[in-house]
Amino acid sequence: MVAPRKNRDQPWLMRTYSGHSSARASNALYRTNLAKGQTGLSVAFDLPTQTGYDADSPLARGEVGKVGVPISSIEDMDQLFDQIPLDQMNTSMTINATAAWLLSLYIGLAQRRGIDPKKLSGTTQNDIIKEYLSRGTYIYPPGPSMRLIADTINYTVKNVPKWNPTNVCSYHLQEAGATPVQELAYALCTAMAVLDRVKASGEVPPEEFPQVVERISFFVNAGIRFIEECCKLRAFGEMWDELTLTRYQVTDPKLRRFRYGVQVNSLGLTEAQPENNVQRIVLEMLAVALSKRARARAIQLPAWNEAMGLPRPWDQQWALRMQQVMAFETDLLEYGDILDGSPVIAAKVSELIAGARREIENVEAQGGIIAAIESGYIKRELVGSHMSRLRAIESGELKIIGVNCFQETAESPLTTGSDGAIMKSDPAAERQQIERLQEHRRQRNDADVRAALQGLGDAAKSGDNIMPSSIRCALAGVTTGEWGDALRAVFGEFRPPTGVDIAIDSREVLGRKDQVTEIRDRVARTGSALGRPLKILVGKPGLDGHSNGAEQVAVKARDVGFEVVYDGIRLTPQQIAQAAQEEGVHVVGLSILSGSHMELVGSVLQELRARDLAALPVVAGGIIPPADAERLLALGVRAIYTPKDFNLNAIMGDIVDVVRENNGLERLGLLS
Amino acid sequence: MTNLGLPDPEQLAARILRGERAAVASGLNLLDNRLPAARSRAVRLLACLSGERWLTAGHLIGVTGPPGAGKSSLVSAMIREWRLAGTTVGVLAVDPSSRPELGGGALLGDRIRIKTPAQDEGLFIRSLANRNQLGGVAGEVWPMSWLMLACFDIVVIETVGVGQTEIDIAEIGDTVCYVAQPASGDTIQYLKSGIIEIPDIFAVNKADLGAAARKTASEIGRSAPRQDRREGWDYPVCLLSATMNTGISEFHAHFDRHRRFLVAAGLLARQRSQHQSAWVLRLLKEEFGSFGLELVGGRAAIEKRLGEYRSSQFEEYERMREHILSRLLSVNQPTLSP
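Just so it is clear, the model here is predicted, and its values are computed rather than measured.

**Student:** When you look at the overall build of chain A in this model, what are you seeing that I'm missing?
**Tutor:** On a plain count of helices and strands, chain A comes out with 25 helices and 15 strands. Taking 26 Å as the expected radius of gyration for a compact globule of 672 residues, we find that chain A reaches 25 Å, a close match to that expectation. Within chain A, the proportion of its 672 residues that are buried is 64%. Put simply, 79% of the contacts in chain A that link residues at least 6 apart link residues at least 24 apart. Looking at charge distribution, chain A has the averaged site of its 74 positive side-chain charges lying 2 Å from that of its 82 negative ones.

So this is what it looks like as structure tokens:
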């Protein structure tokens, strides 16, 4: 055996995106993960924390501790980092609308522990722009959101210099359907918008501006087409280098480096034959590890069973081991850039750059990324790309092993365990967190809290940097909901454009033509039999903002002839039942990706019964494990659709049958 | 909601008049239902609900304008004002359907834009597709708005209705408001097309755009008074911003002022009566064609008859309908049984 070379490159930071139930439970998980060789932390927050609500807010019901850890105050932050030395840790926080707040809690905690904030290192995702396009955990309108980003940058560059205050995200653009060219273009446009805003704030003297540019980092996605993806990252590097030089006159090449962290593609992970996700994840990691010049600074890998539900500690360990094998067993880190000089790679990179330049010009001509988001242009482009992808899967043109080809499989021993191969979050977590929060409110000094909130509101109004007053709030024991509300009172809340003002070319999205004709006919015939066109309500209860799935269903339903009431995101079960009643729909479709389906769907059914609508059929879609699906069906839900139901035509056919059955008409069965 | 369980119109009417939301919803479903059994019940429901009150109570407001002018956010801002004053509001929001060859479906997204933060029992929103009917509104909107008028203080009909088919918009309410988009070709087209005779109140939204908005407002202001179709009404043009919440309360005050003007001029009841006659004629013609209309004396005679029954035209409609049916049945073998 050949011994590894001594002068290997340093490996990237290895993380696993995790957090659940409570600060205490997440802390235990983090310390276990660190003991297993993880070199940084990546904190997942629950949706109430991400959208600025306290655990006891009505909107938070069923969401506390679900998709991440609940952080209501500095006491939770303290518990989350119990026995973890903040000055030695590199902590990445996936937090956006409330990023300034969570960063303030982190800095406040460091101060309380006597640690100089200058020693803190880590990242706040803090790219609120993409929240309007994907993910959906925005709170405030774009103007104030840009200001919050600029404030955190201005503050950290001076006071927490090792912090990455914003991670411009192309990750979520890809999840929303972006092609590599779109990813490059929109991420770079976002970075320009952020830098322009900071520059315009005038808080940083021009000679220090290159330091600001240096602190801008990116959060990138890598899909299964790993050669193209690798070229995309090389293209990112070249374009960023050029852009920072020409647009921002950064002369030091070190400050122009394209620094990025990565989570590989979760969109392409399948629920069918989920073990195949392991090789998908490894291949996708190659895209961000292979080329030394374009290698990721930090990598977090999803777990093989992410399309099925929350991963267990063992699943996360498996993901971490993939990184460790790549970094420590292979000889990858012993070489320089192995792709330099390849004409094939160079040609592909040039092609991507040329495409991205055209799209950047296009966006700039529309007045920049914010204007292009507000006009709906970017959303339309992304939904268009995503629908093309779905169509290609439906037609079999895009092959997904185990999904639209090679479906035959032996029974997997991985998924037959009594736990269904996923983790259940602690059902008592919500109640405990509420009790903990209420106890915290009793313990703190109310006068300090009021004064700190007053200061925050004043800063928001006056335009002063929001960070110093937020840190004072953190130290005074202000809660996440109070911080969110104080700024809501000044900034207002973002009201999304309809979201489905999506004028997609129907020919692009429809899939198999004969099937579409058949469904349209079924929809029309059923409508005639019932006396009026079929009407469906598509809504998302709870705080989960991933609206793309719901929007695709809404657009598809429109295209096959339904009248579709699309009611958007962040709805209480009460609002959904009220809408169902007022709109007189034939069926309600709920989309829930946060894992809160049991509580939320149950509450919607209860609210419908309270309005004499017990007979109105409800169908639900989302990441719903089989055991939960059975329980939901027993509760009265008529159909459950999960990621393995990728064929939207089939879903539409089934929904028509649900309506027919509910009205005493015979089912028409599978599409021919 | 099964096709078998159609509600009893008399009971339903009583519940609607008591303001029961569930009854309002099922009444609207019934008015939307094209099955013959539902049609006759729908007319009975309207007959039960009608009466003198129907010609005088409440305020029916039509809001129209090109897509993207910000109608929904403006309606949302107005609802906030009305609700603060304790006024109940019903909304019928009409969105376009896709073409029949593309499936004829529709995405109804106004709820999101109109949505008020808290659950509010004094507000009721029904979204409708225009189902490819000209004029931007579906025929069902008329009876639905009358039904809502039976239990809400204000009924707003929001529709994309610009272009050639101004008639429908004109018949849509007591007060018609046009929302203009600053510096847009649509508004210029609108000014040129002569439909400017229809609205009673003009709003130029997005006043935060500054000069462009002021220019549009002055263009409208120059054109509107020349058309002077009603003595004593000033056709106000308001500059406002629904998103910045400026100019809303001044704008809002014009609606009540316009209603008072209509009452004083004796126009409110007359307009409503005319709108209902037009709809009844439309129903008869849809079901029986021109031939059917001739069987009860032709269009002019019908209008005259309806005019005599101003507040209970639907009962008169039923009588005419039965008359036509019996005539048809005596002529042909029964193929038209309801």
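Moving on, there is more to tell.
**Student:** Whenever I open this one, the interface of chain A and chain B confuses me. Can you help?
**Tutor:** Counting residues at the interface gives 41 residues for chain A and 39 residues for chain B. Between chain A and chain B, the buried area comes to about 3,300 Å², and carbon and sulfur atoms account for 46% of it. Linking chain A with chain B are 19 residue pairs in polar contact (both at pLDDT 80 or more). Elements that contribute at least two residues to the side of chain A that touches chain B include exactly α20 (513–530), α21 (548–559), β12 (563–566) and α22 (573–583) of chain A. Here the element with the most residues in the side of chain A that touches chain B is α22(A); it accounts for seven residues. Here the residues of the side of chain A that touches chain B are counted per class, giving 16 nonpolar, 13 polar and twelve charged. For β12(A) and strand β3 (residues 106–108) of chain B, the ladder comprises three bridges, and the chain directions are parallel.

**Student:** In this structure, what is going on with the side chain of A:Arg215? I would like to understand it.
**Tutor:** By the element assignment, A:Arg215 lies in helix α8 (residues 209–215). Discounting chain neighbours no more than four positions away, the residues touching A:Arg215 are A:Val157, A:Pro161, A:Lys162, A:Trp163, A:Asn164, A:Pro165, A:Thr166 and A:Arg259.

**Student:** Is there a simple way to explain helix α16 (residues 446–462) of chain A in this structure?
**Tutor:** All names here are of chain A. Given a rise of 1.5 Å per residue, 17 residues ought to cover 24 Å, and the 24 Å separating the end C-alpha atoms of α16 matches this to within 8%. On its buried face, α16 sits against α5 (142–159), α17 (466–476) and α18 (480–491). N-capping of α16 is provided by Asn445, with a side-chain oxygen placed 2.9 Å from the backbone N of Ala447. Directly beyond the C-terminal end of α16, a positive phi value near 95° is found at Gly463.

**Student:** Is there a simple way to think about the domain arrangement of chain A in this case?
**Tutor:** Accessible area lost when the parts come together is the quantity often used to give the size of an interface. All names here are of chain A. You can read the domains of chain A as domain 1 (13–407) and domain 2 (507–662). Buried area between domain 1 and domain 2, summed over both chains or domains, comes out near 2,800 Å², and the portion from carbon and sulfur atoms is 55%. Contact with domain 2 buries surface across domain 1, with Glu271, Met387 and Glu394 losing the most and accounting together for 24% of the total. Connecting domain 1 to domain 2 are two salt bridges. Among the salt bridges present, the one from Lys379 reaches Glu551, with a minimum N-O distance of 3.2 Å.

**Student:** How do you make sense of the domain arrangement of chain B when you look at a structure like this?
**Tutor:** Residues and elements named next belong to chain B. Under the domain assignment used here, chain B contains domain 1 (1–50), domain 2 (57–265) and domain 3 (266–338). Contact residues are listed per partner, giving 15 residues for domain 1 and 15 residues for domain 2. Per-residue buried area on domain 1 facing domain 2 is highest for Arg21, Leu28 and Asp32; these three make up 47% of the total on that side. A salt bridge links Arg131 to Asp32, with the nearest nitrogen and oxygen atoms 2.7 Å apart. Viewed at the interface, domain 2 and domain 1 are joined by six residue pairs in polar contact (both at pLDDT 80 or more). If you tally residues by element for the side of domain 1 that touches domain 2, the top one is helix α2 (residues 21–32), at eight residues.

**Student:** What is the right way to read the environment of A:Ala474 from this model?
**Tutor:** Residue and element names in this part refer to chain A. Structurally, the position occupied by Ala474 is in helix α17. Sequence spacing of Ala474 and Leu103 is 371 residues, and the spatial spacing of their C-alpha atoms is 9.6 Å. Sequence-distant contacts of Ala474, defined by excluding residues within four places in its chain, comprise Ile74, Trp101, Ser104 and Leu105.

**Student:** Honestly, the pattern of salt bridges in this entry has me stumped. Any pointers?
**Tutor:** Note that side chains of opposite charge can pair when their charged atoms are close. Inspection of the entire model under this criterion finds 63 salt bridges over all chains. Here B:Glu121 ties to A:Arg611 by a salt bridge, and the two come within 3.3 Å at their closest N and O atoms. With B:Glu121 in the loop between α6 (110–114) and β4 (123–129) and A:Arg611 in the loop between α23 (597–610) and β14 (618–622), this residue pair bridges two chains. On the basis of relative accessible area, A:Arg611 is assigned to the buried category, the value being 12%. Three or more residues joined by partner-sharing salt bridges are found here, namely A:Lys535, A:Asp567, A:Glu582, A:Glu583, A:Arg611, B:Arg21, B:Arg111 and B:Glu121.

**Student:** Just checking my understanding: could you explain the packing of aromatic side chains for this structure?
**Tutor:** Aromatic ring pairs are defined here through the distance separating the ring centres and the angle between the ring planes. Residues and elements named next belong to chain A. A complete count under the given rule lists 24 aromatic pairs over all chains for this structure. Consider the rings of Phe209 and Tyr248, whose centres lie 5.9 Å apart with planes at 45°: the pair is tilted. Of this pair, Phe209 sits in helix α8 while Tyr248 sits in the loop between α9 (226–246) and β9 (260–264); the two residues are 39 residues apart in sequence, bridging distant segments of the chain. For the pair formed by Phe209 and Tyr248, the shared burial category is buried.

**Student:** Honestly, unusual backbone geometry in this entry has me stumped. Any pointers?
**Tutor:** Backbone phi values are negative for most residues with the exception of glycine, while trans is the configuration of most peptide bonds. Residue and element names in this part refer to chain A. Of note in the backbone geometry, Ser21 takes a positive phi value of approximately 60° without being a glycine. Tracing the backbone shows Ser21 in the loop between β2 (17–18) and α1 (23–35). Positioned with a positive phi, Asp612 is a non-glycine residue whose angle comes to about 60°. Within the fold, Asp612 resides in the loop between α23 and β14.

**Student:** Explanation requested: the sheet that holds β14(A) in the structure shown.
**Tutor:** Think of a sheet as strands paired side by side through backbone hydrogen bonds, with each pair either parallel or antiparallel. Pairing in this open sheet of six strands is parallel, and the strands run β15(A)-β14(A)-β13(A)-β11(A)-β12(A)-β3(B) from one edge to the other. The open sheet has two edge strands, β15 (639–641) of chain A together with β3 of chain B, and neither has a second partner. Put simply, the sheet's adjacent strands are angled 20° from each other on average, direction ignored. With four bridges connecting them, strand β11 (residues 535–539) of chain A and strand β13 (residues 587–592) of chain A associate as parallel partners. Among the inter-strand pairings, A:Val538 is bridged to a residue of β13(A), identified as A:Gly589. Relative to β13(A), α23(A) is tilted by about 155°, and along the sheet it contacts β13 and β14 of chain A.

Calculation notes
Residues numbered from 1 in each chain as written. Chains lettered and ligands numbered in written order. Predicted model: local features only at pLDDT ≥ 70, side-chain atom pairs only at ≥ 80, totals over all residues. Heavy atoms only, no water. Helix = DSSP H or I, 4+ residues; strand = E, 2+ residues; numbered from the N terminus. Rg over C-alpha atoms; globule rule 2.2 N^0.38 Å. Buried < 20%, exposed > 50% of the residue type's maximum accessible area, 1.4 Å probe, protein only. Contact = heavy atoms within 4.5 Å. Lys, Arg positive; Asp, Glu negative; His and termini not counted. Charge placed at Lys NZ, Arg CZ, Asp CG, Glu CD. Buried area = accessible area lost by both parts, 1.4 Å probe. Polar contact = N/O pair within 3.5 Å; in protein donor to acceptor, adjacent residues only side chain to side chain. Nonpolar A, V, L, I, M, F, W, Y, C, P; charged D, E, K, R; others polar. Pairing = 2+ DSSP bridges. Expected span 1.5 Å × (residues − 1). Domains from an automatic or database assignment. Salt bridge = Lys/Arg side-chain N within 4 Å of Asp/Glu carboxyl O. Phe/Tyr/Trp six-rings, centres within 6.5 Å; stacked < 30°, edge-to-face > 60°. Axes fitted to C-alpha atoms, helices over the stretch in contact; angles between N-to-C directions.

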